[in-house]
Amino acid sequence: MKARWKPKPMLRQLVLILTSLAATTSTARADWGLNMPEGVTELSKETYDLHMLIFWVCVWIGVVVFGVMIYSIFAHRKSRGVTPANFSHSTMAEVLWTAVPVVILLALAVPTAKTLVRLEDSRDPDLTIVATGYQWKWHYRYQDEDMGFYSTLSLDSLEARRKQSGIDPFTVENYLLDVDNPVVVPVGKKVRLLLTSNDVLHAWWVPDLAIKKDAIPGIINETWFKAEQVGTYRGQCAELCGKDHGYMPIVVEVVDEDAYRAWVDTRKADDPQFAAR
Amino acid sequence: MSTIAAEVNDHAHDDHGPAKGIKRWLFATNHKDIGTMYLIFSFAMFLVGGLMALVIRTELFQPGLQFVHPEFFNQMTTMHALIMVFGAVMPAFVGLANWMIPMMVGAPDMALPRMNNWSFWILPVAFGILISTLWMDGGAPASGWTMYPPLVLQTGDAFPFLIFSVHLMGISSIMGAINIIVTIMNMRAPSMSLLRMPIFVWTWLITAYLLIAVMPVLAGAVTMLLTDQFFGTSFFLAAGGGDPVMFQHIFWFFGHPEVYIMILPAFGVVSEIIPTFARKPLFGRDSMIYAASCIAFLSFIVWAHHMFTVGMPLSGQLFFMFATMLIAVPTGVKVFNWVATMWKGAMTFETPMLFALAFVFLFTIGGFSGLMLAITPADIQYHDSYFVVAHFHYVLVPGSVFAIMAGVYYWLPKWTGYMYNESLGKLHFWLSTIFVNLTFFPMHFLGLAGMPRRIPDYSTQFADFNMIASVGAFGFGLSQLILIYVLLTAKKGVPATDAVWDNPEGLEWTVPSPAPFHTFDTPPEVLPPLKQEQHA
Ligand code: HEM
Ligand SMILES: [Cu+2]
Ligand SMILES: [Cu+2]
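About the cut-offs
- Residues numbered from 1 in each chain as written.
- Chains lettered and ligands numbered in written order.
- Predicted model: local features only at pLDDT ≥ 70, side-chain atom pairs only at ≥ 80, totals over all residues.
- Heavy atoms only, no water.
- Donors = N, O, S within 2.8 Å, 3.2 Å for Na, K, Ca; no water.
- Buried < 20%, exposed > 50% of the residue type's maximum accessible area, 1.4 Å probe, protein only.
- Helix = DSSP H or I, 4+ residues; strand = E, 2+ residues; numbered from the N terminus.
- Salt bridge = Lys/Arg side-chain N within 4 Å of Asp/Glu carboxyl O.
- Pairing = 2+ DSSP bridges.
- Axes fitted to C-alpha atoms, helices over the stretch in contact; angles between N-to-C directions.
- Patch = residues over 30% accessible without salt bridge, like charges linked within 9 Å, V, L, I, M, F, W, Y side chains within 5 Å.
- Areas by Shrake-Rupley, 256 points an atom, 1.4 Å probe, with all protein chains shown as cover.
- Domains from an automatic or database assignment.
- Contact = heavy atoms within 4.5 Å.
- Buried area = accessible area lost by both parts, 1.4 Å probe.
- Polar contact = N/O pair within 3.5 Å; in protein donor to acceptor, adjacent residues only side chain to side chain.
- Phe/Tyr/Trp six-rings, centres within 6.5 Å; stacked < 30°, edge-to-face > 60°.
- Lys NZ or Arg CZ within 6 Å of the ring centre and 35° of its normal.
- pLDDT = per-residue confidence, 0-100.

## Let's talk about the coordination of the copper ion (ligand 3)
Residues and elements named next belong to chain B.
Okay, so step 1: Taken together, His-256 (ND1), His-305 (NE2) and His-306 (NE2) make up the full set of protein donors to the copper ion (ligand 3), lying 1.8 to 2.0 Å away.
Okay, so step 2: In primary-sequence terms, the residues that donate to the copper ion (ligand 3) follow H-x48-H-H.
Okay, so step 3: Here the iron atom of ligand 1 and the copper ion (ligand 3) are spaced 4.6 Å from one another.
Okay, so step 4: Its relative accessible area of 13% is what places His-305 among the buried residues.

## Observations concerning the coordination of the iron atom of ligand 1
Okay, so step 1: The sole protein-derived ligand of the iron atom of ligand 1 is His-391 of chain B (NE2), positioned 2.2 Å away.
Okay, so step 2: If you trace the backbone, His-391 of chain B turns up in helix α14 (residues 386-416).

## What about the pattern of salt bridges?
Residue and element names in this part refer to chain A.
Okay, so step 1: Under the definition given, this model contains 15 salt bridges over all chains.
Okay, so step 2: Its salt-bridge partner being Glu-257, residue Lys-189 comes within 2.7 Å of it at the nearest N-O pair. Note that Lys-189 is positioned in the loop between β4 (183-186) and β5 (191-197) and Glu-257 in helix α6 (residues 257-270), a separation of 68 residues in sequence.
Okay, so step 3: Residues joined by salt bridges that share partners form a network here, namely Glu-145, Arg-261, Asp-265 and Lys-268.

## Observations concerning the sheet that holds strand β10 (residues 250-255) of chain A
All names here are of chain A.
Okay, so step 1: The sheet built from 5 strands is open, its strands ordered β4-β10-β9-β6-β7 with mixed pairing. With one partner strand each, in any of the chains shown, β4 and β7 (211-215) form the two edges of the open sheet. Across the sheet, the mean angle from the axis of one strand to that of its neighbour is 25°, orientation sign disregarded.
Okay, so step 2: Relative to strand β9 (residues 231-237), strand β6 (residues 202-206) runs antiparallel, the two sharing 2 bridges.

## Points about a nonpolar patch on the surface
Okay, so step 1: Where nonpolar side chains cluster on the molecular surface, the patch consists of Trp-56, Trp-60 and Val-63 of chain A and spans about 330 Å² of accessible area.
Okay, so step 2: In this fold, Trp-60 of chain A is placed in helix α3 (residues 42-75).

## Considering the pairing of β6 of chain A
Along any regular strand the residues' side chains alternate between the sheet's two faces.
All names here are of chain A.
Okay, so step 1: Counting buried positions along β6 gives 5 out of 5 residues, so the element sits mostly inside the fold.
Okay, so step 2: Burial of β6 is two-sided: the residues His-202, Trp-204 and Val-206 facing one way and the residues Ala-203 and Trp-205 facing the other way are all buried.
Okay, so step 3: Pairing analysis gives 5 bridges linking β6 to β7, with the strands arranged antiparallel. Considered in β7, the bridge of Ala-203 is made with Asp-214.
Okay, so step 4: Between β6 and β7, which pair antiparallel in sequence order, lie 4 residues; one of them, Ala-210, sits at a positive phi of approximately 55°.

## Regarding the domain arrangement of chain A
All names here are of chain A.
Okay, so step 1: As assigned here, chain A comprises domain 1 (42-76 + 89-119) and domain 2 (127-276).
Okay, so step 2: Placing the centre of domain 1 and that of domain 2 at their C-alpha centroids yields a distance of 37 Å.
Okay, so step 3: On the domain 2 side, the residues contacting the 6 residues of domain 1 number 5 residues.
Okay, so step 4: Buried surface at the junction of domain 1 and domain 2, both sides included, amounts to about 430 Å², of which 48% is carbon and sulfur.
Okay, so step 5: For domain 1, the biggest contributors to the area lost against domain 2 are Glu-42, Ser-44 and Leu-119; these three give 66% of the whole.
Okay, so step 6: Summed over the shared surface of domain 1 and domain 2, the number is 0 salt bridges.
Okay, so step 7: The interface formed by domain 1 and domain 2 holds 1 residue pair in polar contact (both at pLDDT 80 or more) in total.
Okay, so step 8: Broken down by secondary-structure element, the contributors of at least two residues to the side of domain 1 that touches domain 2 are α3 and α4 (91-119).
Okay, so step 9: For the side of domain 1 that touches domain 2, the element with the highest residue contribution is α3, accounting for 4 residues.

## Re the packing of aromatic side chains
Here the distance between the centres and the angle between the planes together describe a pair of aromatic rings.
Okay, so step 1: For the structure shown, the criterion picks out 56 aromatic pairs over all chains.
Okay, so step 2: A ring pair is formed by Phe-66 of chain A and Phe-368 of chain B, whose centres lie 6.3 Å apart and whose planes are at 65°; its orientation type is edge-to-face. Of this pair, Phe-66 of chain A sits in helix α3 while Phe-368 of chain B sits in helix α12 (residues 351-374), which puts the two residues in different chains. When sorted by exposure, Phe-66 of chain A lands in the same class as Phe-368 of chain B, which is buried.
Okay, so step 3: Arranged with centres 5.5 Å apart and planes meeting at 75°, the rings of Phe-253 of chain B and Trp-303 of chain B form a pair that is edge-to-face. In this pair, Phe-253 of chain B is assigned in helix α8 (residues 244-261) and Trp-303 of chain B in the loop between α10 (285-298) and α11 (314-342), connecting sequence segments 50 residues apart.
Okay, so step 4: By the ring-pair criterion, three or more aromatic residues cluster together here, those being Phe-200, Phe-277, Phe-355, Phe-402, Tyr-409, Tyr-410, Trp-411, Tyr-420, Phe-429, Trp-430, Trp-501 and Trp-509 of chain B.
Okay, so step 5: Between Lys-137 of chain A and the ring centre of Tyr-150 of chain A, over which it is positioned, the NZ or CZ distance is 5.2 Å.

## Considering the environment of His-245 of chain A
Okay, so step 1: Among the secondary structure elements, His-245 of chain A is positioned in the loop between β9 and β10.
Okay, so step 2: In this view, His-245 of chain A contacts Trp-136, Cys-237, Ala-238, Glu-239 and Leu-240 of chain A together with Arg-453, Arg-454 and Ile-455 of chain B; residues no more than four positions away in its chain are not counted.
Okay, so step 3: Within the structure, His-245 of chain A has its side chain in polar contact with the backbone oxygen of Glu-239 of chain A (distance 3.2 Å).

## Regarding the confidence of the model for chain B
Residue and element names in this part refer to chain B.
Okay, so step 1: Put simply, chain B has an average pLDDT of 94, and 96% of its residues get 70 or more.
Okay, so step 2: Note on residues 1-14: pLDDT under 50 across the span, and 4 contacts to partners over four residues away in sequence or across chains.
Okay, so step 3: With pTM at 0.92, the complex prediction returns an ipTM value of 0.91.

Shown next, in the form of structure tokens:
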């Protein structure tokens, strides 16, 4: 069997964790998967900013609280011969550390609510795709084009994922994150996604689009995205849906308008599977 | 029956000892014996659940599927969670309550000793049933501890046994909670007013009310699953006009208070320990009580923060977001009070204190990630990813579990009459703390980078952090062998004094070590002064 142990990346990663604790730069994030991706939609960037905002708020509160604690642990120890104080109340302090968090939370609530309102606004889409979850694949129907197709885990991943397949996952490109038929959408267009399921719960998650929404039998859920950048974005089912829950990835290809039209036309003409639905 | 005769004679010579042999345990009505059984049972479940976690971490050590099939992997995640939540953490706190609450309030025993026996002995039955499902057709439940339909309805023969065992656990918890409330309300030493009660007793009182409020809700939810499966109802089946999301609302109406059921007694334990080793009164004693009550109230109106992705109206999302953020305020008050208790104390760092301090640090980290999860747009990214796994393990392992361990080390000399091995205790602490962080900290990164939870295999970009987490998990598991050794040798060594520690606060330290089989047959006339009253 081939050696799967890859010491180098791991060491590099460890070093990185240590350094990145001190300084987070945007390049470090993109390359080493330590942080949430900024993504390629306006709202994914807003989400990312909110995430970083609340993260730094927590870091600073942590610095203060842990700082005081650590100082106290070193300064106020019996082995240094201190005599313990006897206070147990301070109205000032107590009012302060109730009021200050309230103010911080209010300050956080405002931008968060604003983003949330925009996230929920799926009016006036340019195109609508219905995604249906199945155990264990996705089906996509393009409402405006009268076409649809299934999207399942790509063959090379399918072979490598078998128990003790003997295939090194590191040799498989996009292991577990590749499909036979990706979703193709035009760049800069508002895509409305309607989600439902044929059997159990699933969830449609693509981190770069900052979208996660449950696919629920009997219910049609709605969400939307507008990708600003051409590229391939990968995600996975995010709601436990049975044994192959880990094996129903999502791939979204964002292409320019012409390529999109060409894709739709050839697909409809060439592939009966596509035109049928 | 001889036991009845013995009880009739009780008043004549009230120093009769425990029954002999197996009967002592089967028919136990003594709060100390029952407390011991709870603690041993929960520790056994901790080890069983821990082994399941190691199966999970073994499979996740590398990408690719090496050891188990995905269906078995899902059984492991499901059983691990059910066993840890209902079998390890909750019974451990009930065990501490049984041992300590009567001694802390100056009562001779729990108010309802026979019911106490039942609430314990139901548990081994419940978990016997649950664990036996592993060998049934279709295997153990594999739908996650949240048991969401429709998936849970695909469970094989195990399904009715899952429901039945959850019912049993619920009955056990409710009986335990009733017992605790009645004991606290009716059997306190006459001079002990409510506000004068020890904080551990307070947090348990609040917890017991939470239990009574939400365990029936869980029972209702799983009963509806049962009738959907076998009796033709469609509560949660879309095809019959039902709604799968309704289950989630009901489950989390139980589930969020449930997480506070697992942390409030932990707050209590830590609030007992820090003042002792800081040699200073607990800071803001009353505000601690108010904060715990506040948290308990808020825990009923935040449940849908587990459901931000199911498709809720905007107003609903806003409400649950704001309510969830609010919880950070009383939680913050608690943390600040602990820090203020340490401030200008004269601290020493025996094992219970080490665990309590680690609790404050690491629980706070879990609180921070909780606050991050409250931010709805960000939660849409975090939800059902390893970030959530990191969050709840931080609050539950170095949170609840560390508090339990702190409590065990703290009260062990009172139980056994001997000091445990302090150097081994410290070693246990340091190894546990290092490995718990090695296990769970990288999971934050995994989640942020996009790894979903509950998957048996993952894409290669997640390989490094998963490897680190698996190494940490094995280290943490092995470190617990030290605890086993410490507990097995706990009855040897240096005899403990009655106070055990340096001037600790509370009635339990006024009785001999080991605490005799019966304590406070008559309630204490005067209470030892609270520390804040001492020099004034
Ligand atoms: C500052 C206080 C806390 C806040 C604001 C908070 C917030 C949250 C949120 C929003 C979620 C849902 C995340 C998601 O699924 O997307 C969550 C999950 C969870 N939290 Fe907390 N939390 C807090 C404290 C705690 C405590 C004290 C515990 C238990 C000791 C706890 C245990 C859990 C568990 C077990 C889950 C995951 C349940 C599951 O999906 O299986 N949390 N928390
Ligand atoms: Cu799934
Ligand atoms: Cu919650």
